[in-house]
Amino acid sequence: MQRPAKGKTPRRPPLKKTSHTQKDPVGVYCRIRPLGATDEECCIEMISSTTIQLHAPDGIKANRNGEYKETQYSFKKVFGIQTSQIELFEDVAKPLVDDLIHCKNGLLFTYGVTGSGKTFTMTGSPGEGGLLPRSLDMLFNSIGPLQAKRFVFRTDDKNGMEIQGQVDALLERQKRESNQQSTVPKTPSSKQKPDPEFADMISPEEACKCEGVDEDSCYSVFVSYIEIYNNYIYDLLEDTPIDPIRPKRPGGGTPLQNPELIPPQSKILREDQNHNMYVSGCTEVEVKSTEEAFEVFWRGQKKRRIADTQLNRESSRSHSVFIVKLAQAPLDADGDHILQDKNQVTVSQLCLVDLAGSERTSRTKAEGSRLREAGNINQSLMTLRTCIEVLRENQMCGTNRMVPYRDSKVTHLFKNYFDGEGKVRMVVCVNPKADDYEETMLVMRFAELTQEVEVARPVDRPICSLAAGRRHRNQAFRDELSRRQEERPGGSNNTEDGSVLNQLLDSLPALPACELVDPTDEQILPRLIEVLERRHRIRQMITEQYTRTANTLKSMLQEFDGHLMAKENFIHEQRGKLGEKDKIMFNQKNEMDRLEKKSKMLEYKIDILQKTTNIYEGDKRSLQQELESREQRLQRELSERKRMEARMQGMVSDTKHQWEKECERRVNAKQLEMQNKLWVKDEKLKQLKAIVSESNNSATSEQQRPPPPPDKPQRNSREKDQPRAPEKRSRSPLPTTGTPIRPHHRRSHSAGGQRWVDHKPLSNLDLDTVMQPIIPNAIKVSAASEKALSKCHKYVLTHQELASDGEIQTKLIKGDVFRTRGGGQAVQFTDIETLRQECPTVSSRKRRSSGDGSGQHNGNKMDWNDRENRAPVASTSSALGLQNGYQKRRK
């Protein structure tokens, strides 16, 4: 008995990611389920073979603009409602089965909301087999005659594979057949009549097989079926033992009549020596045909947990995982037995996953255990989405965030596919009815995100060093040997062989005719010995000639075999180059698909940007029109303002001339009034002097003789009523006789703490006077500017002019600065201060040399000059023609 040799585990140790590692994106496909009724509202439209569009149904809230948003999603391929199961299999699952036979791993799972057709896509129905039965059928059609006998390959408990000889396998088969109490379920024979539930799953016309299968290897298929329910793993192929201690008695029976089944125990995930995840203690059944494999699947499918909800009559309450494991090992040099080398044994696996659908409890009205199941399903799908998002972020942004695989059993079991190597494909099943619009949009977003995740491309296994075609040559030798054995018992060939043998015997020397009576006969025995020696020499010569001929033939056969091997190696090399070219073409095709998808996405973004640009252009045009209208309005207002300013200037000039005339008239009237008052005073003084002189004279006379008391002097009525003529008045007294009372000058505003603009033109002269106008905290300018006016509150203009006596007098014209509505600065003049320098001798000489009329005139002029020395307001100034309220604007 040979010692069993362990084979390879399903995966190689994970290598460190390098920059030259080739990666492929996750292939995401979309399948649209037909509507249940023709009058239902549809929210999905298939635009092309790779793009679908979602329409918001009635009752869904619109966006900010009040329009319903239509979104488009792209996939590797979209399958419409008329797509058959065979078309879906050809594009999605067939390449994965081909990779499985060529020692590459694969993962295929269906994803979608509840009631979207995931189980139908994976399993199918009678007459319309799904992806799973078609994958099994293609696998066994490809390796059917190349399978090893049962128990030649044997699984261990550590995710490994052992290989044993033919004798050990025969003993194992006999032991399993005799042991009816084995814990491993007995697989049905392929010769039995198949179950009618799956007998017509696949029609013979739709059967397919893989090309390029290595015929110099032996294969064996193992299947296992598990489910993940409430985040616990259960083996669906495990026989449930009977618990005789805890009977169930629904009818009051005895414990032996109604034994109770022990509930299944959950399995745990473990990691093998190559850091691959596997389910510890899971049942793996070796199958030899499609019917046998599907019967094992159907037995586990009957144990899967399903329930009736308001959205789906048969809703899956767990995630199911059907694992197909293919073990293969090369034949020895003779092509007769499996090579007993553990390094040459390879195991690959294909996982077919049917994920439970996401659902909203508000729609399903789930309660109790159904509510708990829905919560666990949604939580596991959310963990899958989170892992995909983190993987995408790590690959696109170069980050090294930890992917939370351990948060869910689903992601923890398949982490080798995303972190290691293999091919991952997802079929997104959608229901186009309007009630599932919001859930379908979430599924589409997850599918769009998954397409951006890349998985390392699986590498090809090393080619065996033995010559190719060993099985074929061994089979040809056996066929030829059997043919010759069949032809040997009778017929002409047997006669010919007998005649050749007789001729060969006749060519030998004949034995002498003698009769040996005495063993010591010295005549017969020597002759007989001589004849026998001669026959022996001839036989040796014939044997040597036969050996030489056989060696020559053998060398010729070896040479022919060498030529044949060289040709086969050449053919193999050409096939390898052809495969590389096919891979390059496949990669280029994928790159073209990716660029086409990117181009469509960019075109979609360009359309959106073009629409946005059109909106902005419209807004720009409307704003420009509004700006032009406002500019026209502003121009009209400016022209109107200019006309108003010209009109106001004309009115101001007219009013100025009127007030100049009025002021002159009032001044003349005031002068006449003052002259009349002075004349009255002079008359009173004269009368008072006369009275005083008369009283003095009468006093002296009274001392001599007392006269009668005089009457009070009365002015006669004629004198009283006499008109006041200036030429009849007496001369007014000189100013030295009495000083007129002047009102107090109010203090200048320039002494305050406000900031001033001191405007002194360059034409002004510097006067060497003691008193100079000094304004603290002032900005001195020679020309008024808006910049200076914006920084101050007060304005003063120093103006110099010649007085009537030829002296220079300085006027300080003051005003307030304020802002206008147009943003400029304006000055409103409020006060004028006059600084005048005069010689006192000249004024006194003029007064002394003046006559009556001239004295009156000089007196009036002096009185006017005295008034000028006061602090007048802007309304009393006649020199500059300023009025109260007039504004000087600067912009």
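Structure: above.
Residues numbered from 1 in each chain as written. Predicted model: local features only at pLDDT ≥ 70, side-chain atom pairs only at ≥ 80, totals over all residues. Heavy atoms only, no water.

### Comments concerning the overall build of the protein chain
Under the convention used in this document: By the criteria applied, helices consist of DSSP H or I runs no shorter than four residues and strands consist of E runs no shorter than two, each listed in order from the N terminus. Only protein chains enter the accessibility calculation, which uses a 1.4 Å probe; a residue is then buried when its area is under 20% of its type maximum, exposed when over 50%, and partly exposed in between. Contact criterion: two residues are considered in contact whenever any of their non-hydrogen atoms come within 4.5 Å of each other. Here the Shrake-Rupley method, with its probe set to 1.4 Å, supplies the accessible areas, and only the displayed protein chains count as covering residues.
For the protein chain, the count of helices and strands is 18 helices and 31 strands. Here the protein chain holds 891 residues, and 34% of them are scored as buried. Counted over contacts in the protein chain with a minimum sequence separation of 6, partners at least 24 positions apart contribute 72%. Carbon and sulfur atoms make up 52% of the accessible area of the protein chain, which totals about 56,600 Å².

### Considerations on a negative patch on the surface
This is how it is decided: Patches here: salt-bridge-free residues with over 30% relative accessible area, like charges joined within 9 Å, nonpolar side chains (Val, Leu, Ile, Met, Phe, Trp, Tyr) joined within 5 Å. The rule for a salt bridge is simple: a side-chain nitrogen of Lys or Arg has to be within 4 Å of a carboxyl oxygen of Asp or Glu. Residues counted as positive are Lys and Arg, residues counted as negative are Asp and Glu, and His and the chain ends are not counted. Where a charge lies is defined by one atom per residue type: Lys uses NZ, Arg uses CZ, Asp uses CG and Glu uses CD.
A cluster of acidic side chains, namely Asp39, Glu40, Glu41, Asp58 and Asp435, defines a negative patch on the protein surface. On the secondary structure map, Asp58 appears in the loop between strand 5 (51-54) and strand 6 (71-74).

### Concerning the sheet that holds strand 4 (residues 44-46)
Here is the rule: For two strands to count as paired, DSSP must find a minimum of two bridges between them. For helices, the axis comes from a line fit to the C-alpha atoms of the stretch in contact; other axes are also lines fit to C-alpha atoms, and the angle between any two N-to-C directions lies between 0 and 180 degrees.
The 3 strands lie next to each other as 4-5-6, forming an open sheet whose pairing is antiparallel. In this open sheet, the two strands that pair with only one neighbour each are strand 4 and strand 6. This sheet shows a mean twist of 25° between the axes of neighbouring strands, independent of strand direction. Pairing geometry for strand 4 and strand 5, over 3 bridges, is antiparallel. If you follow Met46 over to strand 5, its bridge partner there is Ile52.

### With respect to empty space enclosed by the protein
Heads up, the condition is: Buriedness of a pocket was judged along seven lines, with at least five required to meet protein on both sides within 12 Å; pockets are open sets of points on a 1 Å grid over the protein atoms alone, cavities are sets where a 1.4 Å probe fits but cannot get out, and lining residues have an atom within 4 Å of a point. Grid points are joined across faces, edges and corners, and a volume is the space filled by probe spheres set on the points.
Across all of its chains, the model carries 8 cavities of 30 Å³ or more by this definition. Considered as a void within the structure, the largest cavity measures approximately 80 Å³ in volume. Listing elements by their share of the lining of the largest cavity, those giving two or more residues are strand 8 (106-112) and helix 9 (409-413).

### A closer look at the state of the cysteines
One way to say it: the disulfide is the covalent bond shared by the sulfur atoms of two cysteines. Here is the rule: Cysteine sulfurs are considered disulfide-paired once they come within 2.5 Å of each other.
Applying the stated criterion across every chain yields a total of 0 disulfides. Lacking any disulfide linkage, Cys43 is separated from the closest cysteine sulfur, that of Cys42, by 6.0 Å. Residue classification places Cys43 among the buried residues on the basis of a relative accessible area of 1%. Cys429 carries a free sulfur, and the closest cysteine sulfur to it, the one in Cys30, is 8.1 Å from it.

### Let's talk about the nonpolar core
In summary, soluble globular proteins display a tendency toward joint burial of nonpolar side chains. Put simply, the test is: Among the buried residues, those of types Ala, Val, Leu, Ile, Met, Phe, Trp, Tyr and Cys that are joined through side-chain atoms within 4.5 Å form a nonpolar core.
Formed by 56 residues in total, the largest nonpolar core has its most connected members in Ile52, Phe75 and Phe414. Filtering out sequence-adjacent residues up to four positions away, Phe414 remains in contact with Leu107, Val321, Cys351 and Val353. In this structure, Tyr29, Val92, Leu139 and Cys429 belong to the second largest nonpolar core, which totals 45 residues.

### Structural notes on the pattern of salt bridges
Within the structure shown, the criterion is met by 28 salt bridges. Between Asp354 and Arg304 there is a salt bridge whose closest N-O contact spans 3.1 Å. Here Asp354 is found in strand 23 (residues 346-354), whereas its partner Arg304 is found in the loop between helix 6 (290-301) and strand 20 (306-307), with 50 residues between them in sequence. One exposure class covers both Asp354 and Arg304, and it is buried. Residues Lys814 and Glu833 are paired through a salt bridge, measuring 2.7 Å at the closest nitrogen-oxygen approach. Placement of the pair is Lys814 in strand 29 (residues 808-819) and Glu833 in strand 30 (residues 825-836), with a sequence separation of 19 residues. Take Lys814: its relative accessible area is 4%, and that puts it in the buried class. Of the residues examined, Glu833 reaches a relative accessible area of 19% and is grouped as buried.

### So, the side chain of Arg425
What counts is decided by this rule: Any N or O atom pair separated by 3.5 Å or less is treated as a polar contact, with the protein-specific requirement of one donor-capable and one acceptor-capable atom, and with residues adjacent in sequence counted only for side-chain atom pairs.
Along the chain, Arg425 falls in strand 24 (residues 423-430). For the buried residue Arg425, which engages in no salt bridge, the nearest side chain bearing the opposite charge is Asp99, 6.6 Å off. Of note is the side chain of Arg425, whose polar atom sits 3.0 Å from the backbone oxygen of Asp91. For Arg425, the residues in contact, after removing those within four places along its chain, are Gly27, Tyr29, Lys76, Asp91, Val92, Pro95, Leu96, Leu107, Leu108 and Phe109.

### Observations concerning unusual backbone geometry
Here Cys103, not a glycine, exhibits a phi torsion of approximately 65°, which is positive. Within the secondary structure layout, Cys103 lies in the loop between helix 2 (94-101) and strand 8. A positive phi angle is found at Phe151, which is not glycine, with a value near 70°. Position of Phe151 relative to the elements: it lies in the loop between helix 4 (131-143) and strand 11 (153-155).

### Looking at the packing of helix 2 against helix 4
Selection rule: Between 65 and 115 degrees an angle is taken as roughly perpendicular, under 35 as roughly parallel, over 145 as roughly antiparallel, and anywhere else as oblique. Two helices that cross are described as forming a left-handed crossing if the nearer one is turned anticlockwise from the farther one by less than a right angle, and a right-handed crossing if clockwise.
Two numbers describe how helix 2 lies on helix 4: the axes approach to 10 Å, and their chain directions differ by 40°. Judged on the interaxial angle alone, helix 4 and helix 2 are oblique. Of the two possible hands of crossing, helix 2 and helix 4 adopt the one that is right-handed. Across from Lys94, Val97, Asp98, Leu100 and Ile101 in helix 2, the residues of helix 4 making contact are Ser135, Met138, Leu139 and Ser142.

### Some remarks on a nonpolar patch on the surface
Residues Leu553, Met556 and Leu557 make up a contiguous nonpolar surface patch of roughly 310 Å² in combined accessible area. Turning to its location among the elements, Leu553 is positioned in helix 14 (residues 524-704).

### Let's talk about the pairing of strand 5
Successive side chains on a regular strand alternate, one facing one side of the sheet and the next facing the other. Every second residue of strand 5 is oriented toward a common face, with Thr51 and Gln53 on one face and Ile52 and Leu54 on the other, all of them buried. The loop that links strand 4 with its antiparallel partner strand 5 comprises 4 residues. Relative to strand 6, strand 5 is paired through 4 bridges, and the arrangement is antiparallel. When the bridges of strand 6 are listed, Gln53 appears paired with Gln72.

### Thoughts on helix 11 (residues 437-450)
An α-helical turn contains 3.6 residues, so any two residues separated by three or four positions project in the same direction. Rules: Helix span is expected to be 1.5 Å times the residue number reduced by one.
The end-to-end C-alpha distance of helix 11 is 20 Å, a good match for the 20 Å that 14 residues give at a rise of 1.5 Å each. Within helix 11, 10 of the 14 residues are buried, leaving the element largely enclosed by the surrounding structure. Those residues of helix 11 that fall on the buried side of the exposure criterion are Tyr437, Glu439, Thr440, Met441, Val443, Met444, Phe446, Ala447, Leu449 and Thr450.

Read these as geometric descriptors, not functional statements.
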